[in-house]
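The chain contents come next:
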Amino acid sequence: MLQKEELLRYLEGKTDEEKRIFLEEEFNLGWRISQGSCKLWFAKVFTYCHPNELEEQLNFFLFLVNVFGYLWNICFEQEDTIFLGCVCPCGVKQTVLYYSITFED
């Protein structure tokens, strides 16, 4: 996975549309939704073995949303975040992050 600094260097000089396409393809971030005043809910699954892996994945995801949210004109609603977790029979852990976004005015 790309590190934050590597990602920022890679995207340097690219148009907003090129950044949007890359983030949609590479990180499955695609919030091309008709704008309106409503709140939209999404889910993101994190798979990990150790808690520090979850922390790294979660921090990177929040970095992507907060730094590049302007590309989709969205706001991440942190107060509406819900986590659900489980342990698979093989020992791998999963956490589902339910989160909402709204469109900026």
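A brief report on the enclosed structure follows. (Residues numbered from 1 in each chain as written. Predicted model: local features only at pLDDT ≥ 70, side-chain atom pairs only at ≥ 80, totals over all residues. Heavy atoms only, no water.)

Details of a nonpolar patch on the surface
Argument step 1. A surface patch of nonpolar side chains, amounting to about 390 Å² of accessible area, comprises W41, I82, L84 and Y98.
Argument step 2. Relative to the assigned elements, I82 resides in strand β2 (residues 74-87).
Argument step 3. I82 gets classed as partly exposed once you look at its relative accessible area, which sits at 42%. (Patch = residues over 30% accessible without salt bridge, like charges linked within 9 Å, V, L, I, M, F, W, Y side chains within 5 Å. Areas by Shrake-Rupley, 256 points an atom, 1.4 Å probe, with all protein chains shown as cover. Salt bridge = Lys/Arg side-chain N within 4 Å of Asp/Glu carboxyl O. Helix = DSSP H or I, 4+ residues; strand = E, 2+ residues; numbered from the N terminus. Buried < 20%, exposed > 50% of the residue type's maximum accessible area, 1.4 Å probe, protein only.)

Brief notes about the nonpolar core
Argument step 1. Core analysis: the largest hydrophobic core is formed by 26 residues, its most contacted members being L7, L23, F27, W31, L64, F68 and W72.
Argument step 2. Of all the secondary structure elements, the ones that give two or more residues to this core are α1 (4-11), α2 (16-27), β1 (40-48), α3 (51-68), β2 and β3 (93-103).
Argument step 3. Broken down by element, this core gets its largest block of residues, eight residues, from α3.
Argument step 4. Setting aside residues up to four positions removed in sequence, L23 forms contacts with N28, L29, L64, F68, L71 and W72. (Core = buried A, V, L, I, M, F, W, Y, C linked by side-chain atoms within 4.5 Å. Contact = heavy atoms within 4.5 Å.)

Things to note about the packing of α1 against α3
The relative placement of two packed helices comes down to the angle between their axes together with the axis-to-axis distance.
Argument step 1. It is at 11 Å that the axes of α1 and α3 come closest, and there the two elements cross at 35 degrees. Here the hand of the crossing between α1 and α3 comes out right-handed. Between α1 and α3, the residues in contact are K4, L7, L8 and L11 and N59, F60, F63, L64, V67 and F68, respectively.
Argument step 2. Of the residues assigned to the contact of α1 with α3, the class counts are eight nonpolar, one polar and one charged. (Axes fitted to C-alpha atoms, helices over the stretch in contact; angles between N-to-C directions. Left-handed = near helix turned anticlockwise from the far one by under 90°. Nonpolar A, V, L, I, M, F, W, Y, C, P; charged D, E, K, R; others polar.)

Section: the pattern of salt bridges
Close approach of charged atoms allows side chains of opposite charge to pair.
Argument step 1. Tallying each qualifying case throughout the model produces one salt bridge.
Argument step 2. Notably, a salt bridge pairs E17 with R20, separated by 2.7 Å at the nearest N-O pair. One end of the pair is E17 and the other is R20, both in helix α2 and three residues apart, which spans about a single turn.
Argument step 3. Under the relative-accessibility criterion, E17 is labelled partly exposed at 33%.

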